[in-house]
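Chain by chain, the residues run as shown.
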Amino acid sequence: MAKTIPASQLRLHPVSVTRQMAAAFPRLKAMAEAKGLRLHHLGAGYPHPEVSDPTTYIAQKNAYFRHLAQKGDPSHSEDALRALLMPLYGYTDTIGPASARQAFATVYGHDFGFSMNPDLLVPTVGATGGISLLCSLYERSGEKIAYLVDAPTYTGFVSRAGLSSDAAFYSVDLDEEGPDPVALRAQIRKARQDGRKVAFYYTVPDGHNPGGISFSDARRQAVMKVMQEEETFVVEDAPYTYISYEKASSRPKPFIAMDPTHAVHLFTASKIGLPGPRVAFLYTEIEMTIDAGQKVPLRTLVVTEASGDTLFCNPEALRSFEAYLHDENLELRKSLWPVAQAKNAIYGENRAIVLGGLDEGLAGASDQFGWTKPGAGFFSVFTFKKRQVRTTPEFVEKLISEYGVVTIPMFGFYPDDARKRDPEAGLNQLRLSFCFSEHIGEGRRDDMREAVQAFTAAVRVECGL
Ligand SMILES: Cc1ncc(COP(=O)(O)O)c(C=O)c1O
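Residues numbered from 1 in each chain as written. Predicted model: local features only at pLDDT ≥ 70, side-chain atom pairs only at ≥ 80, totals over all residues. Heavy atoms only, no water.

We now examine the nonpolar core. Counting 87 residues, the largest nonpolar core has Y147, F157, F200, L358 and F382 as the members making the most contacts within it. Both domains that meet at this core, namely domain 1 (17–43 + 338–462) and domain 2 (86–324), each give it at least three residues. Excluding residues that lie within four positions of it along the chain, F382 makes contacts with L358, L362, F369, G370, W371, N428, Q429, L430, L432, F455 and V459. Judged by nonpolar contacts, the second largest core, of 52 residues, contains L121, F215, V234 and Y324. (Core = buried A, V, L, I, M, F, W, Y, C linked by side-chain atoms within 4.5 Å. Buried < 20%, exposed > 50% of the residue type's maximum accessible area, 1.4 Å probe, protein only. Domains from an automatic or database assignment. Contact = heavy atoms within 4.5 Å.)

As structure tokens, then:
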């Protein structure tokens, strides 16, 4: 007999808009297919299958492990391989194998122009795991907490940080260069006046998800100044730093390279490598003042939190990523940018097809529609400038069932306080993604072309053009 477990202490949290869409998807897909429509993917934020081949990833790690074994003991390489693999399939401590941290710090520090200390890297279960550790650290204080976020912001952050009933979000509107630094400072002060402990400002400065922009250099500097003067810090979630469409000379610097004592960097291999192995690192040089004025590195607090949470990280996954940081000759790469370039050739082409297709399909209507041109990442935000339609769940469902076009509505990415400021926030916007399609090569190009054509045709009909 089914038992009901008394759970009066538990709270049910609202499901994010992306999850709601995913749940509705099979029904809408069936409706579209019943009408003979093809489905066009402008919604999902997944890596493209053309640049996510696990077989080359696995071959590289096997070759690397054999190479290390051979180098270590050429006459007994099978024994040496066993000895090498044993710890990779055993328990390791919370901060994981030193060689993986060393290789990553060398390559990443080189690529982003700063000196990264490998001893300070903390492996996390994806960037998602890094977010979770930082939130649980603040939740432990038992105080009322404030998180500064963008409007719009990443739902993965709000879903995690919002689990605590002590948390509140103070949001700052984004423009094409980033958040308004004056508003950011005002929100930090307001949170403090409201009696809250300001945890940090969470953002995605490169290829913002879902904002579809990268912060300008000037805006990064202004934001960093606010962090320093207000004695708080920025958590930069960085899945798209390598998925960049900028020339090398104009790539903006991450916050961590500007001032590691006021930034936490969440690197993840999910986009530059593969998401499944969940390889990611948290890095910071922040010092916190805790009880009785004692100074402690934030990194130490995070490691304590991580030991309570994951305790043992996955050494095989970390050392496989170490292999990925080596080239075909099994030499440590100087840079991951050549790997990124191969991926960005695909994403950049998709981006050009989608942005070009919007220009073409909506030619002569620039007063009515706008869209962001992201310098990095997977997303562009499409705006109905005259609020010709309301991008409600019903509207987005209609785009799927009647036109076969999958997009994500933006309103769900606006935190509650942003919706109080403007109840219509995001209700004239859609998030379009250009990262994923079902086919590869010419089929992928056709997928992207047909998707943007179907989208612009639908927009024209819905707006009576
Ligand atoms: C802004 C942002 N943060 C985090 C993630 C998830 O990263 P991970 O796979 O490392 O947990 C994503 C993935 O889409 C993302 O867009």
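What follows concerns the site of the ligand. Near the ligand lie 14 residues; those nearest to it are A127, T128, D237, T268 and S270. Interatomic distance of 2.7 Å between a side-chain N/O atom of Y240 and an oxygen atom of the ligand. In the complex, 91% of the free accessible area of the ligand, which totals 400 Å², lies under the protein chains. With 3 residues, the single largest contributor to the shell around the ligand is helix α5 (residues 126–139). The residue inventory of the shell around the ligand, partitioned by class, reads 6 nonpolar, 5 polar and 3 charged. (Near = heavy atom within 4 Å. Polar contact = N/O pair within 3.5 Å; in protein donor to acceptor, adjacent residues only side chain to side chain. Areas by Shrake-Rupley, 256 points an atom, 1.4 Å probe, with all protein chains shown as cover. Helix = DSSP H or I, 4+ residues; strand = E, 2+ residues; numbered from the N terminus. Nonpolar A, V, L, I, M, F, W, Y, C, P; charged D, E, K, R; others polar.)

Right, let's get into the pattern of salt bridges. Applying the stated rule across the entire model yields 31 salt bridges. Measuring nitrogen to oxygen at the nearest pair gives 3.4 Å for the salt bridge that ties E229 to K225. Remark: K225 and E229 occur in helix α8 (residues 217–229); sequence separation between them is 4 residues, near one turn of the helix. Looking at E229, the relative accessible area reads 43%, which means it is partly exposed. With a relative accessible area of 47%, K225 lands in the partly exposed category. E322 is the partner of R319 in a salt bridge, and the nearest nitrogen-oxygen pair spans 3.0 Å. One end of the pair is R319 and the other is E322, both in helix α11 (residues 315–324) and 3 residues apart, which spans about a single turn. (Salt bridge = Lys/Arg side-chain N within 4 Å of Asp/Glu carboxyl O.)

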